[in-house]
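Chain and residue survey
Residues per chain, in single letters:
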Amino acid sequence: MKKLHIKRLAVVLLLASMFAGGTSCHKEYINPSAASVPSVITNPDALMTLCAGLQRRYTIGRQSPFYCSTVGGGYSVYGLYTINIGNTSEKEVETGKGAITLNNSFVTQMWTQCLLTRTEAETVLANLDVATDPADRVGLKAYASIFYALSMAMLAQYYEQVPLVNGPNATFSPRAEALKKAIEMLESADADLATTAVSSKFTARVPAGIDIKNTVKALLARFYNMQSMISGTYSAADGNKAITYAQAASLLVKSEFRFSALNTNPVGELALTRNVYGAIDSTLGLRNGLAPVPANSDPRVNFYIRRTDATTFPLKGFTDTTTRSYPVYLPGEMSLIAAENYARQSKFPEAIAALNAVRTKTTDIYGIGANQPPYSGAVTQAAILTDIYKQRRLEMYLSGMELEDSRRFGRPGPNQAGEERNRNFYPYPLAERDNNPSTPADPAI
């Protein structure tokens, strides 16, 4: 994996088409715009421009990590189906198991674009010293850390192993190590944000929508929650940090990816064509007695989908227009992270209180209400965790977290009785394997 070179910077990067072809860690990536690497690393304004391009890299187009994770999460747990099977890559991901070919463009682009996003974020983070204003520097660091962490954590969710650094024939590390690096980056940014506010100059230079301070805390809650069970054995230390950060992230502040007529929401754009994918049915893919009874009795179902006939369920929610903003995190996710970790520690009153904060809410800042009665099931760890999983699926439909959730909660895997997911991890792209002999063997499913 030769070092991913960003030889040209920035303004054109924000407007140019994203890389659409299959690529690998071994290839050099050159961005043909005007500024050279020296101008990036010695000019704070140019560094801000590169930083501003991170959101576009991450969110725009069918090849973007945002699209691949959002749609991939839904497919992985049978929450979506492919309307036109001519969309071969999506159909393979929907079928899962052995149907995903090694040159599947969906899987390849998730891998490639996450690595490119990570590399561009690393360029910013490696050259923070050129920003002499501490307020500019903390903005650059925190914003780049967000996209570094999102990219690393996405790779850790979908792939068993991840190369942590760029280099020839880069070796792979367990996904837990990738998640750990994401957390370390965010914690460093969080510490800086506690003492230094982001400059107005920096916030004016990056796309509006992301609340930097609260997003850093929300992502730390999410990733500590993942890390708490990543070894298969619960870590109360990680779980307590997840609770702390979840309670610190504001539930009253929107943090979202914003789109426009020029830079459209790719999930919404393809949902509106009604030719690529739609919701599987009115259960949002919930199985084994977890679906709302009667169907559509939970208003979150009607928030995320609508019914046009007996078998067609177009997407709504955050995909009902091509310019609809998409949350980076939801308020309900933070409450459910606290509930999950209290339950895993057998602190059942606290777990139920946090769970009920989601079950009984009539709305939130995004208009998502559950209107369900308070939890009345068995006061046992297994029963409470099952309901927390159900609430996550209803509250966070198409969040990109579905595959990780299914594994972490021990839901039935592929080829098990009552299976609820179609793979455990994705295979590594053929483009990576062809160019990097260090690529591990693919997981069976």
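Here the structure is a predicted model, which means the values were calculated and not measured.

1. What to know about the nonpolar core
Core analysis: the biggest nonpolar cluster contains 123 residues, and Phe223 and Tyr277 have the highest contact counts within it. No other element matches the 16 residues that helix α7 (residues 134-158) contributes to this core. If we ignore the near neighbours within four places in the chain, the residues touching Tyr277 are Tyr67, Val71, Tyr75, Tyr81, Thr82, Ile83, Pro266, Val267, Leu270, Ala271 and Leu315.

2. A word on the pattern of salt bridges
Applying the stated criterion across every chain yields a total of 24 salt bridges. The partner of Glu90 in a salt bridge is Arg62, with the nearest N and O atoms 3.1 Å apart. One end of the pair, Glu90, is in helix α5 (residues 88-95); the other, Arg62, is in the loop between α3 (44-59) and α4 (65-76), and 28 residues separate them in sequence. The salt bridge partner of Arg433 is Asp442, with a shortest N-O separation of 3.0 Å. By relative accessible area, Asp442 is classed as partly exposed at 27%. Salt bridges linked by common partners bring Asp298, Arg300, Lys361, Asp364 and Glu395 together as one network.

3. Observations concerning the packing of aromatic side chains
Enumeration over the complete set of coordinates arrives at 25 aromatic pairs. Geometrically, the ring pair formed by Tyr304 and Tyr397 is edge-to-face, given 5.6 Å between the ring centres and 65° between the ring planes. Of the two residues, Tyr304 sits in helix α13 (residues 299-304) while Tyr397 sits in the loop between α16 (381-395) and α17 (402-408), which places them 93 residues apart along the sequence. No difference in accessibility class separates Tyr304 from Tyr397, as the two residues are buried. With 5.4 Å between their ring centres and 50° between their planes, Tyr389 and Phe409 make a pair best called tilted. Remark: Phe409 occurs in the loop between α17 and α18 (430-435) and Tyr389 occurs in helix α16; sequence separation between them is 20 residues.

Rules used in this analysis
- Residues numbered from 1 in each chain as written.
- Predicted model: local features only at pLDDT ≥ 70, side-chain atom pairs only at ≥ 80, totals over all residues.
- Heavy atoms only, no water.
- Core = buried A, V, L, I, M, F, W, Y, C linked by side-chain atoms within 4.5 Å.
- Buried < 20%, exposed > 50% of the residue type's maximum accessible area, 1.4 Å probe, protein only.
- Helix = DSSP H or I, 4+ residues; strand = E, 2+ residues; numbered from the N terminus.
- Contact = heavy atoms within 4.5 Å.
- Salt bridge = Lys/Arg side-chain N within 4 Å of Asp/Glu carboxyl O.
- Phe/Tyr/Trp six-rings, centres within 6.5 Å; stacked < 30°, edge-to-face > 60°.

Read these as spatial facts, not as claims about activity.
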